[in-house]
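# Fold and contact review
Chain by chain, the residues run as shown.
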Amino acid sequence: MVRAQSASAALRIFVRRAIKDAQRDRQEIKLQLAKGVSLSNANGFSSAEAAKAHARAHELSDKIGDIDSQFTAIWGLWTFRRTSDWNAARQLSDRLLSLIEKGNNVGLRLEAHHMGWTTHFFCGELAPAQEHCEKGRTLYEFEQHRTHAHIYGHDPGVCARTLGAWSAWLLGYPDTCSAMAAAPVRASAPPG
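Residues numbered from 1 in each chain as written. Predicted model: local features only at pLDDT ≥ 70, side-chain atom pairs only at ≥ 80, totals over all residues. Heavy atoms only, no water.

## So, the overall build of the chain
Counting its secondary structure elements, the chain contains 11 helices and zero strands. Starting at the N terminus, the α and β elements of the chain follow one another as α-α-α-α-α-α-α-α-α-α-α. Excluding contacts between residues fewer than 6 apart, the proportion of contacts in the chain whose partners are at least 24 apart in sequence is 57%. Counting only carbon and sulfur atoms, one obtains 56% of the accessible surface of the chain, whose full area is about 11,000 Å². (Helix = DSSP H or I, 4+ residues; strand = E, 2+ residues; numbered from the N terminus. Contact = heavy atoms within 4.5 Å. Areas by Shrake-Rupley, 256 points an atom, 1.4 Å probe, with all protein chains shown as cover.)

## What about the packing of helix 5 (residues 106–122) against helix 6 (residues 126–139)?
Interaxial distance between helix 5 and helix 6 falls to 8 Å at its minimum, and their mutual angle equals 155°. By the angle class used here, helix 5 and helix 6 are roughly antiparallel. The element helix 5 and its partner helix 6 pack so that their crossing is left-handed. Side by side, helix 5 and helix 6 meet where Val106, Arg109, Leu110, His113, Gly116, Trp117, His120 and Phe121 of the first sit next to Leu126, Pro128, Ala129, His132, Cys133, Lys135, Gly136 and Leu139 of the second. Counted by class, the contact of helix 5 with helix 6 contains nine nonpolar, five polar and two charged residues. (Axes fitted to C-alpha atoms, helices over the stretch in contact; angles between N-to-C directions. Parallel < 35°, antiparallel > 145°, perpendicular 65-115°, else oblique. Left-handed = near helix turned anticlockwise from the far one by under 90°. Nonpolar A, V, L, I, M, F, W, Y, C, P; charged D, E, K, R; others polar.)

## Thoughts on the environment of tryptophan 75
On the secondary structure map, tryptophan 75 appears in helix 3 (residues 67–81). Considering only alpha carbons, one finds tryptophan 75 and tyrosine 152, 77 residues apart in sequence, at a separation of 8.2 Å. If we skip the residues at most four places from it in the chain, tryptophan 75 touches Leu96, Glu111, His114, Met115 and Tyr152.

## Topic: the state of the cysteines
One pass over the structure, following the stated rule, counts zero disulfides. Free of any disulfide, cysteine 159 has its nearest cysteine sulfur in cysteine 133, 7.1 Å distant. A residue is classified by how much of its surface remains accessible, and cysteine 159, at 12% relative accessible area, is buried. (Disulfide = S-S within 2.5 Å. Buried < 20%, exposed > 50% of the residue type's maximum accessible area, 1.4 Å probe, protein only.)

## What about the packing of aromatic side chains?
For the structure on display, the rule yields four aromatic pairs. Ring centres of tryptophan 86 and phenylalanine 122 lie 5.9 Å apart, and the angle between their planes is 20°; this geometry places the pair in the stacked category. You can see tryptophan 86 sitting in helix 4 (residues 86–101) and its partner phenylalanine 122 sitting in helix 5, a full 36 residues away along the chain. In this structure tryptophan 86 comes out as partly exposed when scored by relative accessible area, which is 25%. Since its relative accessible area comes to 47%, phenylalanine 122 is described here as partly exposed. Each ring, one from phenylalanine 121 and one from tryptophan 166, has its centre 5.9 Å from the other, and the planes form 45°; the classification is tilted. Of this pair, phenylalanine 121 sits in helix 5 while tryptophan 166 sits in helix 9 (residues 156–170); the two residues are 45 residues apart in sequence, bridging distant segments of the chain. By relative accessible area, which is 44% here, tryptophan 166 ends up partly exposed. Taken together, the ring pairs in this structure connect Trp86, Phe121, Phe122 and Trp166 into an aromatic cluster. (Phe/Tyr/Trp six-rings, centres within 6.5 Å; stacked < 30°, edge-to-face > 60°.)

All we've got here are geometric facts, nothing functional implied.
Here it is, written out as structure tokens:
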């Protein structure tokens, strides 16, 4: 009987600590993500300190299975990697695309394609960049996604249309480019 009570007490302590640790991890994730964004904005995308904050947030969010935080942390790591290592940036982009495949969050899917078109475009892979831009333009809704500019640094609808126009031009479709070139301004304005 004494052993059972002792085991029960130990289990309660363990569960309380686990809950407390998970709560602490969630708080630290929020702080690390905010720190990463702030450092990127203050010091530029190549900020090693920002990358370190995003790496810590990714570690913790992976541990507790928080997909939204994993996504934001990987996004932050990608912004750092794209300043110096496009192969590493491509791996992070591919990882995000596979991470969101199972979910139904349109905003995360939009941003995963955002990473895809940017990565492929700057690697000189224009056809895949164009495919990601098209998927992004299809997913983008101004009212639903305009806040992404505050979260990720700029409007993905404008970016999809801009890089889509550049890709069309470089692929030899100047008429498509001209039609798309006017679209970014319209995409960033509210309907009506």
